[in-house]
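Below are the chains, spelled out letter by letter.
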Amino acid sequence: MELLSNLALGFATAGTLENLFYCFLGVLLGTLIGVLPGIGPLATIAMLLPITYRLSEPTTALIMLSGIYYGAQYGGSTTAILVNLPGESSSVVTTLDGYQMARQGRAGPALAIAAIGSFFAGTVATIMLAAFAPPLSEIAFKFGPAEYFSLMVLGLIAAVVLAHGSVIKALAMVLFGLLLGMIGTDVNSGVARFSFDIPELTDGVEFAAVAMGMFGFAEIILNLEQKEDRDVVAKKITGLMPTAADMKAAFPAMVRGTALGSALGILPGGGATLSAFASYALEKKLSKTPELFGKGAIAGVAGPESANNAGAQMSFVPMLTLGLPTNAVMALMIAAMMIHNIQPGPQVMTSNPTLFWGLIVSMWIGNLMLLVLNLPMVGLWIKLLTVPYRILYPAILLFCCIGAYSVNNNTFDVLMTIPFAILGYVFKKLDCEPAPMLLGFVLGKLMEEYLRRAMTISRGDPMVFLTRPLSATLLGIAALLLVVILLPAVSKKREEAFEGED
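Keep in mind that this is a model prediction, so the values were computed, not measured.

S.K.: Just checking my understanding: could you explain the overall build of the protein for this structure?
M.R.: Secondary structure summary: the protein contains 23 helices and 2 strands in total. Looking at the protein residue by residue over its 502 residues, the buried ones come to 56%. Here the analysis covers contacts within the protein between residues at least 6 apart in sequence; of these, 79% occur between residues at least 24 apart. In the form shown here, the protein has an accessible surface area of approximately 21100 Å², with 68% of it arising from carbon and sulfur atoms.

Pasting the structure below:
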């Protein structure tokens, strides 16, 4: 009964004209950036983050930003199927069978199955989010400073384990992020640290400058190295609706993809991309005709597309209930909450129920909007693929600069994007994934705060992290994860699992 009243509150919040408009704007932008290769949800949310500060309600801002994230999962499938070019990293797997279906003249059913699977997964994930979030929040209230510190350590280690490439590099990126988070004024002593006598750094490095430089600008520089080669589909797409046989083959894959994506989405470092790859591997293993995969198997489209949407939406669970970002996009969401003076964590549900339930309900509304947007407007999305990069990239750069400036009305923040853009480019060239660095940067200040609180309560005894059962368990899991992943056999299997993503 309580759940129904909470959902009614959510519908009342998400159903306002303003929130519906920004939900639509978010999913529209998400689809757009999913369709256009080279511009991911991370860079887009980083660009729009400062603008959300001007919105009257934090709920409205989060509704729009979350719409961009799960909307990008829909948009990415369109180019993956029609042009063999994944607009979003989680759509890489969709190219394997989606494009083959398009070549066989079955682009319509492939696009429809991708949209229906995403809607089904989004709906189920929203229901699970509404059902599981309250109990998790209740458990989280039992957490003290020591438990929160240990949970964040586990989150960062899990992000390292599930990051692409070398574990050592990912660990180094996390540590670099933690060090960046220490720049500014010490909370206890009030003394400026690592600011190099630069007055603008006494408040720390601006999050928008880091995010835009590392993800927005660096991504554009990398894309400029690539040859602009897009074989845009010219012929009209007909026969959108899948047949009964298509649905029969696709539905079990949708169910399995949704379940797998929901489970992996909750894990730190999981999310849409990992869910899609895991789903494809599972479908191929369970199929009676695995030889058809890569040649136009509809289950190879339905499973990953359902999994990536479920994974994207379920990653909101730890962010909303524990204040723990499971991926870089969720780190941006936490930053958005902090911009609006909302402390992420279990208290969000009790102190700001309209935000919590309004955001959850808006996800279902957004998925419904996406279903309507994606199928009838396929022609428009294809036309957008013809926009030259020489027009697209300068516009993005300008928008990034305006966004960085608007946070504090300070040109220093715009200038700060330059070193981070160079760093982001160098890191990419060295195969160092920047996402763990962003997680370390966001969690750094919170970790320091909880560490100091725990040490103050225990009167300087570090054993407090091991004598409290829950804290010791979390640290034990983190240590076990790190040891296991460094084992040669496990490390080799991990490399093989991520091989297909490159």
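S.K.: Would you mind going over the nonpolar core with me for this structure?
M.R.: In a soluble, globular protein the nonpolar side chains are often hidden away together inside. V205, F207, F316 and L332 are the most contacted members of the largest nonpolar core, which has 120 residues in total. Beyond its immediate chain neighbours, meaning those up to four positions away, F316 contacts S66, Y69, L129, M330, M333, L359 and M363.

S.K.: Even after reading the chapter, I still don't get the packing of helix α9 (residues 207-225) against helix α19 (residues 411-429), so can you show me in this structure?
M.R.: Each pair of packed helices can be summarised by the angle the axes make with each other and by the distance between the axes. Remark: α9 packs on α19, axes separated minimally by 7 Å, with the N-to-C direction vectors making an angle of 55 degrees. Classified by the angle between their axes, α9 and α19 sit oblique to one another. In this structure, α9 meets α19 at a crossing whose hand is right-handed. Contact residues: A209, V210, M212, G213, M214, F217, A218, E219, I221, L222 and E225 in α9; D413, M416, T417, F420, A421, L423, G424, Y425, F427, K428 and K429 in α19. Considered class by class, the residues forming the contact of α9 with α19 number 14 nonpolar, 3 polar and 5 charged.

S.K.: Please clarify how the packing of helix α4 (residues 58-83) against helix α16 (residues 353-374) should be interpreted in this entry.
M.R.: Where α4 meets α16, the axes come as close as 9 Å, and the angle between the chain directions of the two elements is 35 degrees. For the crossing formed where α4 meets α16, the hand is right-handed. When α4 is examined against α16, the residues P58, T59, L62, I63, S66, Y70, G71, Y74, G75 and T78 are found in contact with a partner set consisting of T354, L355, G358, L359, S362, M363, G366, N367, L370, L371 and N374. Partitioning the contact of α4 with α16 into residue classes produces 10 nonpolar, 11 polar and no charged.

S.K.: Looking at this structure, I do not really get helix α8 (residues 167-181). What am I missing?
M.R.: One turn of an α-helix holds 3.6 residues; hence residues three or four places apart share an orientation. Here α8 is 15 residues long and its end C-alpha atoms lie 21 Å apart, about the 21 Å a rise of 1.5 Å per residue gives. Along α8, the residues that are buried comprise V167, A170, M173, V174, G177, L180 and G181. Down the axis of α8, the smallest arc covering the buried residues is 145 degrees, so these residues share one side. Exposed positions of α8 whose direction lies more than 90 degrees from the buried face are I168 and L179.

S.K.: In this structure, what is going on with the environment of F441? I would like to understand it.
M.R.: Secondary-structure assignment places F441 in helix α20 (residues 435-457). For F441 and L179, which are 262 residues apart along the polypeptide, the C-alpha to C-alpha distance reads 7.5 Å. Setting aside residues up to four positions removed in sequence, F441 forms contacts with G177, L178, L180, G181, V205, F207 and V210.

S.K.: Just to check I follow, could you spell out the packing of aromatic side chains for this structure?
M.R.: In this description, a pair of aromatic rings is defined by centroid distance and the angle of the planes. Applying the stated rule across the entire model yields 8 aromatic pairs. Between F149 and F465 the ring centres are 5.1 Å apart and the planes differ by 50 degrees, which places this aromatic pair in the tilted class. Residue F149 is found in helix α7 (residues 145-161), and its partner F465 is found in helix α21 (residues 464-467); the two are separated by 316 residues along the sequence. Assigned by exposure class, F149 and F465 land together as buried.

S.K.: Is there a simple way to explain a nonpolar patch on the surface in this structure?
M.R.: Among the surface-exposed residues, L415, I418, I422, V426 and L430 lie close enough to one another that they form a single nonpolar patch of about 460 Å² accessible area. Mapped onto the elements, L430 comes out in the loop between α19 and α20.

S.K.: I keep staring at the pattern of salt bridges and nothing clicks. Help me out?
M.R.: Pairing between side chains of opposite charge can happen when their charged atoms approach one another. Throughout the structure, instances matching the rule amount to 8 salt bridges. Measuring nitrogen to oxygen at the nearest pair gives 2.6 Å for the salt bridge that ties R106 to D246. Taken together, the residues span a long stretch of sequence, with R106 in the loop between α5 (94-103) and α6 (107-140) and D246 in helix α10 (residues 244-266) at a distance of 140 residues. Across the pair R452 and E448 runs a salt bridge, and its minimum N-O distance is 3.5 Å.

S.K.: Please clarify how the side chain of T31 should be interpreted in this entry.
M.R.: Summarising the element assignment, T31 is placed in helix α2 (residues 17-35). A polar contact is formed between the side chain of T31 and the backbone oxygen of V27, at a distance of 2.8 Å.

S.K.: Please clarify how unusual backbone geometry should be interpreted in this entry.
M.R.: Both trends apply: most residues other than glycine have a negative phi, and most peptide bonds are in trans. Although it is not a glycine, F194 sits at a positive phi angle of roughly 55 degrees. Tracing the backbone through its elements, the reader meets F194 in the loop between β2 (192-193) and α9. Look at D431: it is not a glycine, yet its phi comes out positive at around 60 degrees. Within the element layout of this structure, D431 appears in the loop between α19 and α20. Accessibility expressed as a relative area gives 57% for D431, which makes it exposed.

S.K.: Is there a simple way to explain α20 in this structure?
M.R.: Taking 1.5 Å per residue, 23 residues should reach 33 Å; α20 reaches 33 Å between its end C-alpha atoms and fits that length. Bending of α20 peaks at approximately 40 degrees at the position of L443. Count one or two residues on from α20 and you reach R459, which has phi positive near 60 degrees.

S.K.: Can you help me understand the side chain of T94 in this one?
M.R.: Of note, T94 is situated in helix α5. Relative accessible area serves as the criterion here: at 0%, T94 is assigned to the buried category. Engagement of the side chain of T94 in a polar contact is seen with the side chain of E305, the distance being 2.6 Å. If near-sequence neighbours (up to four positions away) are discounted, T94 is found in contact with S77, A80, I81, Y99, V301 and E305.

S.K.: Which parts of the structure should I look at to understand the environment of C400?
M.R.: Of note, C400 is situated in helix α18 (residues 389-408). Assessed through its relative accessible area of 0%, C400 is described here as buried. Taking the C-alpha atoms as reference points, C400 and T44, 356 residues apart in sequence, are found 9.0 Å from one another.

Reading the values: the criteria
- Residues numbered from 1 in each chain as written.
- Predicted model: local features only at pLDDT ≥ 70, side-chain atom pairs only at ≥ 80, totals over all residues.
- Heavy atoms only, no water.
- Helix = DSSP H or I, 4+ residues; strand = E, 2+ residues; numbered from the N terminus.
- Buried < 20%, exposed > 50% of the residue type's maximum accessible area, 1.4 Å probe, protein only.
- Contact = heavy atoms within 4.5 Å.
- Areas by Shrake-Rupley, 256 points an atom, 1.4 Å probe, with all protein chains shown as cover.
- Core = buried A, V, L, I, M, F, W, Y, C linked by side-chain atoms within 4.5 Å.
- Axes fitted to C-alpha atoms, helices over the stretch in contact; angles between N-to-C directions.
- Parallel < 35°, antiparallel > 145°, perpendicular 65-115°, else oblique.
- Left-handed = near helix turned anticlockwise from the far one by under 90°.
- Nonpolar A, V, L, I, M, F, W, Y, C, P; charged D, E, K, R; others polar.
- Expected span 1.5 Å × (residues − 1).
- Arc of directions from axis to C-beta.
- Phe/Tyr/Trp six-rings, centres within 6.5 Å; stacked < 30°, edge-to-face > 60°.
- Patch = residues over 30% accessible without salt bridge, like charges linked within 9 Å, V, L, I, M, F, W, Y side chains within 5 Å.
- Salt bridge = Lys/Arg side-chain N within 4 Å of Asp/Glu carboxyl O.
- Polar contact = N/O pair within 3.5 Å; in protein donor to acceptor, adjacent residues only side chain to side chain.
- Bend = angle between axes of the 7 residues up to and from the residue.

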